[in-house]
Amino acid sequence: MHPTRAIIHLGNLAHNIEEIRRLVGAHRRICVPVKADAYGHGAIRIARELLVEGVSHLAVATVSEAAALRAADITAPILLFGLVIPEEYPLLVQTGCEAFVADKDQIAGLALQAKQMNTSLAVHLKIDTGMGRIGCVPQEAPSLARYILDSGLSLAGVATHLPVADSAKPQDIDFTHAQIKRFTDAVTSIRDVGIDPGIVHAANSGGILQYPESWLDMVRPGIIVYGYPSDPSSLTGHTIELKPVMKLETRVVHMKKVQKGTSISYGRTWTAERDTVIATLPVGYGDGLARSLSNRLTVRIAETDYPIVGRICMDQCMIDVGPEPAVRRWDTAVIFGPGHGADALARMIDTIPYEITCSIAPRVPRVYVTE
Ligand SMILES: *Cc1c(COP(=O)(O)O)cnc(C)c1O
């Protein structure tokens, strides 16, 4: 097997779910997004594991992601967070995933499709309380809930989404409190017209960590399941312990002594300032190691961090292991993982751990281990 691999620590995944459950209470439903191939961890395997851990719902962003789970015999309820185009309605109905709906057109279209296919379909009404992405305005919620039922669909739940729940800034905290209030008021207005809203849910990872009043009937933790807080810099309460699930590792495949003045890699952006030893690693931006990490990132070999020198290539990169290296050919090098988190790496290139794990390319084998 190729030496560059993503080791997926299922024990850490189970640990993170346990921690979330300890925080929100055992009675509360948990819906975990396995969109974007479970944030790069491998959707099918992760979905199976999550269901063993007692997660009640899965979620995806596209219908084909839902279809892949169904093809793997996963029968649990699947929420569909993204909107679909009419051409996708037949597959949506066939997978039976519970779509977010927010307008009459889409409700009518899905209802007709379900009728034509002689089956029933449950949906969740999405209310936009401040994300500005998809969702109806709160005032429309009762009439759309009524429209859903009149169309012959069933209302499995009502949801909203919180864009700054992971922030510790006072204005963001005020905004999130106001959003939660707008949402619970809208849910009340649905109940007031005699409609059962089903499962009421709002909390993403940020909501789970900072807003107990957003937990409601079900929580939707994504990034914390995979072991990272959504915004590590502004977290106030470290209420739960998270363990990164993915470790990206590779092996030293080549070592060579170079003299002071030798340049390394494309563009000759790095030159040895002393005689040293350069090791080559078979990992590059084609594997998802961002080229912008060139001359910035360090990789860890047996407790020691070594700098990547010169530009990261598509399939390889080089590290300076010093004139008298303790490193040996075939040693394992960790790019990120438990104890050497992707959050520091993400900060270096102004992004978030989500993007780092999602970017690990399909060609990198995912190797599942139980610890
Ligand atoms: C992706 C997503 C989540 C999970 O977000 P995290 O920040 O990873 O916890 C929850 N709800 C919706 C609607 C999402 O799209």
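For the structure itself, consult the block above.
Now for a quick tour of the structure. (Residues numbered from 1 in each chain as written. Predicted model: local features only at pLDDT ≥ 70, side-chain atom pairs only at ≥ 80, totals over all residues. Heavy atoms only, no water.)

### What about helix H6 (residues 104-116)?
In this model H6 runs 18 Å from its N-terminal to its C-terminal C-alpha over 13 residues, within 8% of the 18 Å that 1.5 Å per residue would give. Along H6, the residues that are buried comprise Gln106, Ile107, Gly109, Leu110, Ala111, Gln113 and Ala114. Close packing links the buried residues of H6 with helix H5 (89-95), strand E5 (98-101), strand E6 (122-126) and helix H7 (141-151). The backbone nitrogen of Asp105 has a side-chain oxygen 3.2 Å away, supplied by the residue at the start of H6, namely Asp103. A positive phi of about 60° marks Asn118, the residue just after H6. (Helix = DSSP H or I, 4+ residues; strand = E, 2+ residues; numbered from the N terminus. Expected span 1.5 Å × (residues − 1). Buried < 20%, exposed > 50% of the residue type's maximum accessible area, 1.4 Å probe, protein only. Contact = heavy atoms within 4.5 Å. Polar contact = N/O pair within 3.5 Å; in protein donor to acceptor, adjacent residues only side chain to side chain.)

### Quick notes on the site of the ligand
Neighbouring residues of the ligand: 14 residues in total, closest Lys35, Tyr39, Ser205, Ile223 and Tyr354. Contacts to the ligand include His161, whose side-chain N or O atom sits 3.5 Å from a nitrogen atom. Between Ser205 and the ligand, the recorded distance is 2.5 Å, taken from a side-chain N or O atom to an oxygen atom. Burial of the ligand by the surrounding chains reaches 91%, relative to a free accessible area of 390 Å². When the residues that make up the shell around the ligand are grouped by side-chain class, the tally is seven nonpolar, four polar and three charged. (Near = heavy atom within 4 Å. Areas by Shrake-Rupley, 256 points an atom, 1.4 Å probe, with all protein chains shown as cover. Nonpolar A, V, L, I, M, F, W, Y, C, P; charged D, E, K, R; others polar.)

### Overview of the pairing of strand E16 (residues 304-309)
Pairing of strand E15 (residues 298-301) with E16, which is carried by four bridges, proceeds in the antiparallel orientation. By the bridge assignment, Ile301 is partnered in E16 with Thr304. As paired elements, E16 and strand E17 (residues 317-320) share two bridges and run antiparallel to each other. Looking across to E17, one finds that Ile308 is bridged to Ile319. (Pairing = 2+ DSSP bridges.)

Keep in mind these values describe shape, not function.
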